[in-house]
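Summary of structural features
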Amino acid sequence: MKKAVKGNFGYLKQKRVQVILRTIVFFAISLALFAVGYATTHTKRNLLTIVAILGCLPACKSMVNMIMFLRATGCSMGAYEKIKKAEGHLVGMYDMYFTSYQKNFALSHMVLEDKIILGYTEDPKCDIAKCKEHLETMLKQAGYKEFTITVTDDLSKYCQQLNQLNDRNQPCNPQKDDEARVALYDISL
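Calculation rules
- Residue numbering note: each chain is counted from 1, following its sequence as written.
- For this predicted model, a pLDDT threshold of at least 70 governs which residues receive local features, and a threshold of 80 or more governs which side-chain atom pairs are given and counted, while totals over whole chains, interfaces and linings are taken from all residues.
- Water and hydrogen atoms were dropped before computing side-chain values, which therefore reflect all heavy atoms in the structure.
- Helix and strand assignments come from DSSP, with helices taken as H or I runs of at least 4 residues and strands as E runs of at least 2, each series counted from the N terminus.
- Each radius of gyration reported is based on C-alpha atoms, and the globular scaling rule is 2.2 Å times the count of residues to the power 0.38.
- Working definition: with a 1.4 Å probe on protein chains only, accessible area under 20% of the residue-type maximum means buried, over 50% means exposed, and in between means partly exposed.
- The criterion used for residue contact is that any of the two residues' heavy atoms lie within 4.5 Å.
- Here the Shrake-Rupley method, with its probe set to 1.4 Å, supplies the accessible areas, and only the displayed protein chains count as covering residues.
- In this tally, Lys and Arg are treated as positive and Asp and Glu as negative; His is ignored, and so are the chain termini.
- Each charge is placed at NZ for Lys, CZ for Arg, CG for Asp and CD for Glu.
- Working definition of a nonpolar core: buried Ala, Val, Leu, Ile, Met, Phe, Trp, Tyr and Cys residues. They are joined through side-chain atoms within 4.5 Å.
- Salt bridges are counted wherever a side-chain nitrogen of Lys or Arg sits within 4 Å of a carboxyl oxygen of Asp or Glu.
- Ring pairs are drawn from Phe, Tyr and Trp, using the six-membered ring of Trp, whenever the two centres fall within 6.5 Å, and their geometry is named by plane angle: stacked under 30 degrees, edge-to-face over 60, tilted for the rest.
- Here, over-ring charges are defined by two tests on the NZ atom of lysine or the CZ atom of arginine: distance to the ring centre within 6 Å, and angle to the ring normal within 35 degrees.

Another aspect to go through is the overall build of the protein chain. Counting secondary structure elements, the protein chain contains six helices and four strands. Traced from its N-terminal end to its C-terminal end, the protein chain shows the element sequence α-α-α-β-β-β-α-β-α-α. For a compact globule of 189 residues, the expected C-alpha radius of gyration is about 16 Å, and the protein chain comes in at 21 Å, more than 25% above that figure. When each of the 189 residues of the protein chain is scored for burial, the buried share is 38%. A separation threshold of at least 6 residues defines the contact pool for the protein chain, and within that pool the share at least 24 residues apart is 65%. For the protein chain, the exposed surface amounts to about 11100 Å²; the carbon and sulfur share of it is 59%. For the protein chain, the distance from the average position of its 25 positive side-chain charges to the average position of its 18 negative side-chain charges is 11 Å.

When a protein is soluble and globular, its nonpolar side chains tend to lie buried together. In terms of nonpolar packing, the biggest core is built from 20 residues, with Met110 and Leu184 touching the most fellow members. Looking at this core, the elements that each hand over two or more residues are strand S1 (92-99), strand S2 (104-113), helix H4 (128-141), strand S4 (148-152) and helix H6 (174-187). For Met110, the residues in contact, after removing those within four places along its chain, are Val91, Gly92, Met93, Met96, Phe98, Ile117, Leu118, Gly119, Leu135, Tyr158 and Leu184. Residues Cys75, Ile83, Tyr94 and Val111 belong to the second largest nonpolar core, which totals 15 residues.

This next bit is on the environment of Pro58. For Pro58, the location among the structural elements is in helix H2 (residues 47-71). With a relative accessible area of 39%, Pro58 lands in the partly exposed category. Sequence separation of Pro58 and Phe27 is 31 residues, and the distance between their C-alpha atoms is 8.9 Å.

On to the pattern of salt bridges, then. Per the counting criterion, the structure on display carries two salt bridges. Across the pair Arg181 and Asp178 runs a salt bridge whose closest N-O atoms are separated by 2.5 Å. Taken as a pair, Arg181 and Asp178 lie in helix H6 at a separation of three residues, close to a single helical turn. The partly exposed category is assigned to Asp178, whose relative accessible area is 41%.

Now for the packing of aromatic side chains. Taken as a whole and judged by the stated rule, the model has seven aromatic pairs. Ring geometry for Phe9 and Tyr80: centres 4.0 Å apart, planes at 20°, overall stacked. Of this pair, Phe9 sits in the segment before helix H1 (11-41) while Tyr80 sits in helix H3 (residues 77-87), placing them 71 residues apart in sequence. Here Tyr80 falls in the partly exposed class, since its relative accessible area comes to 21%. Of the aromatic side chains, those joined through ring pairs into one cluster are Phe9, Tyr80 and Tyr94. The residue whose ring lies beneath Lys115 is Phe147, and the NZ or CZ to ring-centre distance is 5.9 Å.

Set out below in structure tokens:
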């Protein structure tokens, strides 16, 4: 199975399949251990039952992860094709899903260039103002201040913003951009 790489188009779909399979395997192992213990001793009171119950801990953790990936939506193929044309030299981050205590934010695409972050969401439930606030807070906690964050749900407007960012001839610090990009990857699903 191909490894899902965060920030690539289709990451959420690949990861969703991997997490579903992992969850099924974890529960199957626990169930098999319980069945073998019961078949050999004809009672639930055996060592394999304890091992099976303890095996449910990582299985349940994987199930929570699976539920998050099932809720997450990625970038559609139509939006991907339009964004790819406008992306130019910018480093695009696809299928970014940010979670907070109050809300979750599905961003189909993001770019970061010289303290400017542009984001596009296809999710009608995404609260754009709260998303910007969440990203600002998380970046400040990671030590990145003074970023201009713009998030939109209008694809044509977003593609224009990408073209404008491509046309700028500002000197930038690619190493600093990469560090901030890694921080965004770390806080996304």
